[in-house]
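# Per-entry structural report
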Amino acid sequence: MKLKRFLTFTMTAALGLSLLTGCGSSSSSSSSSDADTSAEVSSEAASEDTSSEDSEEVTTVSEGVLTMATNAYFPPYEYYEGSEIVGIDAEIAAAIADKLGLELQIEDMEFDSIITAIQTGKADIGLAGMTVTEERLQSINFSDSYATGIQSVIVSEDSDIETIDDLAGKKIGVQLSTTGDIYATDDFGSDYVEQYNKGNDAVLALVQGKIDAVIIDNQPAISYVAANEGLKILDTQYAEEEYAACISKDNEGLLDAVNAALAELEEEGTLQEILDKYIVAE
Ligand code: ARG
C-alpha cells in the first residue's frame, strides 16, 4: 500500500535530515515536536558556513526578480487578503528574496501547473505548501524542508466515518494532483476519488453532501472547518509530509542560494516567527 511506503520514505528522510542537522549544527530549533508548527531547516547547509551573499551568481527568469509560483487557495500558507497574496509561503519567499537582493513577484496558478511553470522557465521557485515526494523529485529539485505537514480527513459532524479504513467505498474529495489525490487514488481507487481544482471546491462539495470526505493538508483543513459549519477533522492522520520550495533542476545556483537563505532564516528565528504568526499551537 502506497501510504505505508510513503510514510517510510518520509520517516527515512526525516531521520537522515535530523542526522545531518545533528552533526555540526547547533542551530536547529527542534524543541517543538508539534508536527506543523516547528520550523526546522534540515540540511547540511545549516551547518556550513555559507552566507547567501558570497554564493555564486544567482540567475532568475526575470533579472532582479524572484518569481514565485503558487496556488493561493491554501490558507494559512497562501491566500488572498483583498488582491494581495499573503501567508506563510508568501512571507518566507519575501524573506528569501530579501536575502538574495531580489524583488518578490507572486504568480497564482492551478496547483497542477506549478511544476511545469518551474520547468519551462515561467517561474523561479514554487512555494505552495508543496510536499517533497520521490515522484516530484524526478522532475524538479526541492530546497531543504521549511515545515512539516499532515494529510487530514474532513468529514461532516454526523458522519459514520471514524477511521482511515472507514473511507473504503466512500466518495473522497481532493485537490487535483496533490498528495491527498495521489495517495487516496492509490489506496482507495480512482472511482472513489473526486478531483477538484481548489481545496475549497472539495470542501463545498462535502458541505453540499456530494461527497463523504475530503483529504487535504491539516492547516487548510483547520481553516475550512472553521469557515464552514457542520464539519470536523478526524483524529487519525492520513500521512505526514515535508514541505519545501521547488526549483528547476537547471538552476543549482538558485537552489544553493535558497538553502543558504533558509538556513539563515532558521538561525535568526525568522522562520519560526513566520510559522507562529499563522499557526496557532493547539
Ligand atoms: N501538500 C500537498 C501537496 O504538495 C498539497 C499542496 C497544495 N497547495 C496549494 N497551494 N494548493 O501535494
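Above this text you will find the structure in question.
To keep things clear, this report deals only with the structure shown in the data block.

So, how was this worked out
Residues numbered from 1 in each chain as written. Predicted model: local features only at pLDDT ≥ 70, side-chain atom pairs only at ≥ 80, totals over all residues. Heavy atoms only, no water. Salt bridge = Lys/Arg side-chain N within 4 Å of Asp/Glu carboxyl O. Helix = DSSP H or I, 4+ residues; strand = E, 2+ residues; numbered from the N terminus. Buried < 20%, exposed > 50% of the residue type's maximum accessible area, 1.4 Å probe, protein only. Phe/Tyr/Trp six-rings, centres within 6.5 Å; stacked < 30°, edge-to-face > 60°. Near = heavy atom within 4 Å. Polar contact = N/O pair within 3.5 Å; in protein donor to acceptor, adjacent residues only side chain to side chain. Nonpolar A, V, L, I, M, F, W, Y, C, P; charged D, E, K, R; others polar. Axes fitted to C-alpha atoms, helices over the stretch in contact; angles between N-to-C directions. Parallel < 35°, antiparallel > 145°, perpendicular 65-115°, else oblique. Left-handed = near helix turned anticlockwise from the far one by under 90°. Contact = heavy atoms within 4.5 Å.

## So, the pattern of salt bridges
In total, this model carries 5 salt bridges according to the counting rule given. The residue Glu91 makes a salt bridge to Lys277 at a minimum N-O spacing of 2.5 Å. With a gap of 186 residues between them, Glu91 in helix 2 (residues 88-100) and Lys277 in helix 9 (residues 270-278) connect regions that are remote in the sequence. The class of Lys277 is exposed, set by a relative accessible area of 56%. When the shortest N-O distance is used, the salt bridge between Lys170 and Asp160 registers 3.3 Å. Residue Lys170 is found in the loop between strand 8 (147-156) and strand 9 (172-175), and its partner Asp160 is found in the loop between strand 8 and strand 9; the two are separated by 10 residues along the sequence. Among the ionic contacts, a cluster of salt bridges with common partners joins Lys99, Glu264 and Glu268.

## A look at the packing of aromatic side chains
By convention here, two paired aromatic rings are described through the distance between centres and the angle between planes. Under the criterion given, the structure shown has 5 aromatic pairs. A centroid spacing of 5.9 Å and a plane angle of 50 degrees characterise the contact between Tyr73 and Tyr80, whose relative ring orientation is tilted. When the ring of Tyr77 is compared with that of Tyr243, the centres are 5.1 Å apart and the planes differ by 90 degrees; the resulting orientation is edge-to-face. Here Tyr77 is found in the loop between strand 2 (73-74) and strand 3 (78-81), whereas its partner Tyr243 is found in strand 13 (residues 239-243), with 166 residues between them in sequence.

## Focus: the site of the ligand
Around the ligand sit 15 residues, and of these Ala128, Gly129, Thr131, Thr179 and Asp217 come closest. With respect to the ligand, the backbone of Ala128 contributes an N or O atom lying 2.7 Å from a nitrogen atom. For the shell around the ligand, a count of residues per class yields 5 nonpolar, 6 polar and 4 charged.

## Some details on the packing of helix 2 against helix 9
At a minimum axis separation of 9 Å, helix 2 and helix 9 run at an interaxial angle of 160 degrees. Relative to helix 9, the element helix 2 lies roughly antiparallel. Seen along the crossing, helix 2 lies across helix 9 with a hand that is right-handed. On helix 9, the residues that touch Ile88, Glu91 and Ile92 of helix 2 are Leu271, Ile274, Leu275, Lys277 and Tyr278. Along the lines of polarity and charge, the residues of the contact of helix 2 with helix 9 split into 6 nonpolar, no polar and 2 charged.

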